[in-house]
Amino acid sequence: MSAISLVGAAKDFGLRSLFSDLDLHVGERDRLGLIGPNGAGKSTLLRVLAGLEPLDRGERRCHARTRVVLLDQEPRLDPSLTVLEQVFAGDGEAMALLREYAGVSHQLALHPEDGQLLARLSTLQHRMDGCQAWDLERRCREVLERLGIDAAHQERTIGELSGGNRRRVALAAALVAEPEVLLLDEPTNHLDAEGVEWLQSYLDRFAGALVLVTHDRYLLDRVTRRIVAVERGEARPYEGNYGTYLGLKAAEEEAEASTAAKLKGTLRRELAWLRQGPKARSTKQKARLQRIDALLEAPARQGRTSLAMAATARRIGKRAITAEGLAVAVGERTLLHDFSYDFSPEDRVGIIGPNGAGKSSLLEVIAGRRPPSAGLLELGATVKLAYFDQHSDVLLAKDGKRKVIEVVQEAASRVQVDGVELTASQLLERFLFPPAQQHQPVAKLSGGERRRLHLCRLLIEAPNVLLLDEPTNDLDVHTLSVLEEFLDDFRGCVVVVSHDRWFLDRTVDRLFHFEDGRLERFEGNYSSWLERKAGSPATAPGSAAAAAVAQVAAKRPAPSAKVLADGPRRRSFKENRELERLETELPQLEQQRRELEQHLAAPSGPDYARLEELTHELAALVERIHAAEERWLALSELAA
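Residues numbered from 1 in each chain as written. Predicted model: local features only at pLDDT ≥ 70, side-chain atom pairs only at ≥ 80, totals over all residues. Heavy atoms only, no water.

A. View of the overall build of the protein. Scanning the protein from N- to C-terminus turns up 24 helices and 20 strands. Sequence separation of at least 24 residues holds for 69% of the intrachain contacts in the protein that already meet a minimum separation of 6. Looking at the protein as shown, the accessible area adds up to about 31900 Å², and 50% of this sits on carbon and sulfur atoms. (Helix = DSSP H or I, 4+ residues; strand = E, 2+ residues; numbered from the N terminus. Contact = heavy atoms within 4.5 Å. Areas by Shrake-Rupley, 256 points an atom, 1.4 Å probe, with all protein chains shown as cover.)

B. Region of the structure containing helix α18 (residues 477-489). With 13 residues, α18 should reach 18 Å at 1.5 Å per residue; the first-to-last C-alpha distance of 19 Å fits that figure. Of all the residues in α18, the buried ones are V477, T479, L480, V482, L483, E484, F486, L487 and D488. A distance of 2.8 Å separates the backbone nitrogen of T479 from a side-chain oxygen at the start of α18, and that oxygen is part of D476. (Expected span 1.5 Å × (residues − 1). Buried < 20%, exposed > 50% of the residue type's maximum accessible area, 1.4 Å probe, protein only. Polar contact = N/O pair within 3.5 Å; in protein donor to acceptor, adjacent residues only side chain to side chain.)

C. Molecular detail of the pattern of salt bridges. One pass over the structure, following the stated rule, counts 26 salt bridges. Note that D12 and R57 form a salt bridge whose closest N and O atoms lie 3.5 Å from each other. A residue pair is termed long-range when its members are at least 10 positions apart, and D12 in strand β1 (residues 2-13) and R57 in strand β4 (residues 57-62) qualify at 45 residues. For D12, a relative accessible area of 30% translates into the label partly exposed. (Salt bridge = Lys/Arg side-chain N within 4 Å of Asp/Glu carboxyl O.)

D. How the structure looks around the packing of aromatic side chains. What the rule picks out here adds up to eleven aromatic pairs. Between Y218 and W502, the aromatic rings sit 5.2 Å apart at their centres with planes inclined by 45°, giving tilted as the arrangement. Here the residue Y218 occupies a position in helix α9 (residues 217-223), and W502 occupies one in helix α19 (residues 501-507), the gap between them amounting to 284 residues. For the residue pair Y218 and W502, the accessibility class agrees, reading buried in each case. Relative to Y245, the ring of Y238 has its centre 5.1 Å away and its plane inclined at 80°; by these criteria the two rings are edge-to-face. For the pair shown, Y238 and Y245 are each scored as buried. Note that R452 overlies the ring of F433, its terminal NZ or CZ placed 4.9 Å from the centroid. (Phe/Tyr/Trp six-rings, centres within 6.5 Å; stacked < 30°, edge-to-face > 60°. Lys NZ or Arg CZ within 6 Å of the ring centre and 35° of its normal.)

E. Quick look at the packing of helix α14 (residues 404-411) against helix α17 (residues 447-459). Direction vectors running N to C along α14 and α17 enclose 25°, while the axes themselves pass 8 Å from each other. One finds that α14 runs roughly parallel with respect to α17. Note that α14 runs across α17; the crossing there is right-handed. Taken together, the residues of α17 that come into contact with α14 (itself represented by V404, V407, V408, E410 and A411) are L453, C456 and R457. Tallied by class, residues from the contact of α14 with α17 come to six nonpolar, no polar and two charged. (Axes fitted to C-alpha atoms, helices over the stretch in contact; angles between N-to-C directions. Parallel < 35°, antiparallel > 145°, perpendicular 65-115°, else oblique. Left-handed = near helix turned anticlockwise from the far one by under 90°. Nonpolar A, V, L, I, M, F, W, Y, C, P; charged D, E, K, R; others polar.)

F. Spatial organisation of the sheet that holds strand β10 (residues 321-330). Here we have three strands laid out as an open sheet, ordered β11-β10-β13, and antiparallel in their pairing. Since the sheet does not close on itself, it has two edges, and those belong to β11 (333-343) and β13 (374-379), each with one partner. Each neighbouring strand pair of the sheet contributes to a mean axis angle of 30°, computed without reference to strand direction. Where β10 meets β11, seven bridges bridge the pair, whose relative direction is antiparallel. Paired with A329 across the two strands is T334, which belongs to β11. The strands that helix α12 (residues 359-367) touches are β10, β11 and β13; relative to β10, the one it contacts most, it runs at about 125°. (Pairing = 2+ DSSP bridges.)

G. Structural detail: the sheet that holds strand β2 (residues 16-27). Read across the sheet, three strands follow the order β2-β1-β4 without closing on themselves; strand pairing throughout is antiparallel. What marks the edges here is a single partner per strand, and that holds for β2 and β4. Here the strands of the sheet are splayed against their neighbours by 15° on average, with no regard to which way each runs. When β1 meets β4, the two strands line up antiparallel, connected through five bridges.

H. Expanded view of the side chain of E590. Turning to its location among the elements, E590 is positioned in helix α23 (residues 573-601). Discounting chain neighbours no more than four positions away, the residues touching E590 are I625 and E629.

I. View of the pairing of strand β9 (residues 234-239). When strand β8 (residues 226-231) meets β9, the two strands line up antiparallel, connected through six bridges. Of the residues in β9, the one forming a bridge with V230 is A235. The antiparallel hairpin formed by β8 and β9 contains two residues in its connecting segment, where R232 sits at a positive phi of about 55°.

J. Representation of the packing of helix α3 (residues 93-110) against helix α5 (residues 133-146) within the structure. Axis separation between α3 and α5 bottoms out at 9 Å; the angle between their running directions is 70°. Judged on the interaxial angle alone, α5 and α3 are roughly perpendicular. When α3 is examined against α5, the residues A94, M95, L98 and Y101 are found in contact with a partner set consisting of A133, W134, L136, E137 and C140. Here the contact of α3 with α5 is built from residues that sort into eight nonpolar, no polar and one charged.

K. Spatial organisation of the confidence of the model for the protein. Scored by pLDDT, the protein comes out at a mean of 80, with 82% of its residues at no less than 70. Within the model, the stretch residues 536-568 combines pLDDT values under 50 with 37 contacts to residues more than four positions away or in other chains. (pLDDT = per-residue confidence, 0-100.)

L. Focus on the nonpolar core. Within the largest apolar cluster, 56 residues are counted, with the highest numbers of intra-cluster contacts made by V87, L175 and L203. The contact partners of L175, leaving out residues within four places of it in the chain, are V143, L147, L182, W198, L199, Y202 and L203. Listed in part, the 42 residues of the second largest apolar core include L455, V508, L511 and L530. (Core = buried A, V, L, I, M, F, W, Y, C linked by side-chain atoms within 4.5 Å.)

M. Fine view of unusual backbone geometry. One non-glycine residue, L432, lies in positive phi territory at about 65°. Structurally, the position occupied by L432 is in the loop between α15 (424-430) and α16 (435-438). Among the residues examined, L432 registers a relative accessible area of 16% and is labelled buried. Its identity as a non-glycine residue notwithstanding, D516 has a phi of 55°, on the positive side. By secondary structure assignment, the location of D516 is in the loop between β19 (510-515) and β20 (518-523).

N. How the structure looks around the environment of G317. Tracing the chain through its elements places G317 in the loop between α11 (283-297) and β10. Measuring from C-alpha to C-alpha, the distance between G317 and N464 comes to 9.7 Å, with 147 residues separating the pair along the chain.

O. Highlighting the pairing of β20. With six bridges joining them, β19 and β20 adopt antiparallel strand pairing. Bridge assignment links F512 to a residue of β20, and that residue is R521. Hairpin connection between β19 and β20: a loop of two residues separates the two successive antiparallel strands, and D516 in this loop has a positive phi of roughly 55°.

P. Examining the environment of V26 more closely. With respect to the element layout, V26 can be found in strand β2. For the pair formed by V26 and A209, sequence separation is 183 residues and the distance between their alpha carbons is 7.2 Å. In contact with V26, other than residues within four places in its own chain, are S2, A3, I4, L32, L49, A209, V211 and R226.

Here it is in structure tokens:
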């Protein structure tokens, strides 16, 4: 039985069709993922399912008593309510009592001597005892804390919160409402990695129907059982999770390419026959002419428009960024103490940690937007730095009325890409902005399209050091895949702050984790760090950490048939540089091991603490050498 159905549904956006003649049924226990490029209509389709957006044609069917809750990308919250009052805004007697109780408690904190408020609070407490409202309140507070809203923030008004915290409050309100149908639009935005893992477990247990729009591919793969791809005015269903969809889509595109090649061959043969010279006007010739006309007029399915991010980085010297004794403070709170590290020109570094730990503040210091509170930070003489921060809405504030093409032309009217000179318009087309859209105001772009425009504007300046702060927010899955491939071949240093586990696994080979105001270094990607943190991927079966580690091994798309047919894949530029680094680093590590072994073998006094310290140091060094050797072997097997 369907909870919500769309029958013959169509929705247009100006002259462009978002979807047409769509039949979509959301079952009572469905797990549906919507994917597609930015601006394709995913968010609009969610609003149609929620009954908040009218259809141009077709019908939406939903029982009047079916509770549907939508988490919008820009949730509308009452700025005068406290966080708890907003979360208690759902239906039901218990929620109504909690909402009133939170309001009276807030007023009583302002007027503690008010007798009427005290009496009202006592009456509410007795009524709440009878309907298990206290259990509901405890669960609401727990959800808020799991999403990063601590007890101190729960008593504040919505108007006092940052945009990220408001978004987390809206997510908490949607989850605790426990509707029959839950519609989530990019729920992982502004969550840290632990929050995402908790959300994944929560959605696994959710009893109702779920429709999900997200760029988090691990979440999409783990939670969904059906995918609907919204693209080019169509919404096409695929049974299975995201990994299954990737396989089906690859096979579908290969079949379409084969069909297009056959059609082209048929047309070529028919036209060659016609060029042989005038023939008698026989029935056979007329039939051939009619056949060509039919082939030419057939509504061919338009191929996927591909985003092309070509590397345009300028040369970088031997030194990228040097930090010595660096400290970062915000107000009177010190977020980072005594950080020293030399970022090399080929580094791929991820910075992780809970929300508020100081990740974005550190990037702002590196970018020169905030001075360090202590220590030294120096950029190499040849460094051209680009900072892709979380606030692409600055385009809306600064350039909202300007045309898309004007925003890019301000950076450069022409650019060299792979030896070819491109105009600003041609570059925008590579970033999936067709000519008609290039002359629209920035304000008409979706959030994801503004992020893509922001990225285009940065890359046109040919940086050789990239600082990426939550780059996956609001970008569609296809754009993220292209960005990951771009970073593989990017000739420069990349520093990433992200909660996106898939993106970190694909793009970084070294992590710094915020731990009590210090950055702990780890060699490897995010899944390797999770495995080390858990002790073993088999630890606590079913836990969020174990599930995330298992996703890396089991859920990555298999190599395409083309890669297998063409033989071993070639090493990327980044992998060549990594191989060179390992060939220099391994002899140095072996020398360190020999020196440690000599220290341990030498006669020593009763300094057992020092002996134990050296033993642990040697064990860690041996483990690091083994990991480096395995990586060297893996890279050596790839074609040069």
